[in-house]
Amino acid sequence: MNEAPEQMAESLDLKGEVCPYTFVKTKLALDELQSGQALRIIVDNPGSAENVPRSLRSEGHIVADATKLNDTDWAITIIKA
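Now for a look at the structure at hand. Because the structure is predicted, anything quoted here is derived from the model rather than measured. Counting restarts for each chain: residues are numbered from 1 in the order of the written sequence. Under the rules for a predicted model, residues below a pLDDT of 70 receive no local features and side-chain atom pairs below 80 are neither given nor counted, while totals for whole chains, interfaces and linings still include all residues. Only heavy atoms go into the side-chain values, all of them from the structure, while hydrogens and water stay out.

1. Remarks on the overall build of the protein chain
Segments assigned H or I by DSSP are reported as helices when at least four residues long, segments assigned E as strands when at least two residues long, and all are numbered from the N terminus. When you go through the protein chain residue by residue, the secondary structure sums to two helices and four strands. Written out in order from the N terminus, the α and β elements of the protein chain read β-α-β-α-β-β. Against the compact-globule benchmark of 12 Å for 81 residues, the protein chain has a radius of gyration of 11 Å, which places it among compact chains. For the protein chain, the spread of C-alpha atoms along the three principal axes comes to 30 × 20 × 20 Å. Only protein chains enter the area calculation, which uses a 1.4 Å probe; residues under 20% of their type maximum are buried, those over 50% are exposed, and those in between are partly exposed. Relative to its full complement of 81 residues, the protein chain shows a buried share of 40%. The criterion used for residue contact is that any of the two residues' heavy atoms lie within 4.5 Å. Put simply, of all contacts in the protein chain between residues at least 6 apart along the chain, 71% involve residues at least 24 apart. Surface accessibility in these figures is a Shrake-Rupley result with a 1.4 Å probe; residues are shielded only by whichever protein chains are displayed. Split by element, the accessible area of the protein chain, about 4600 Å² in all, is 47% carbon and sulfur. Each charge class in the protein chain was averaged separately, 8 positive and 13 negative side chains, and the resulting centres sit 3 Å apart. In this description the radius of gyration comes from C-alpha coordinates, and the expected globular size is given by 2.2 Å times residues to the power 0.38. Positive charges come from Lys and Arg alone, negative charges from Asp and Glu alone, with His and the N- and C-terminal ends not counted. In this description, the location of a charge corresponds to atom NZ of lysine, CZ of arginine, CG of aspartate or CD of glutamate.

Below you can see the structure in the form of structure tokens.
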């Protein structure tokens, strides 16, 4: 599912953080964006890589991309609803 965001507004490195902090910090960053802007987060926690996209989709945001970068890190691109 690759949807092109209107504009990549911010990138957030959340390595070392675990749920629910990864979700909370992602939501706070999204609150600062306008609808249609994209946020890219980097997580290194498998639970966060699964739970954050699911929770954001349930809130109406678009998860444009979720890619495993290496053995430990995932990059997740979210477009604010």
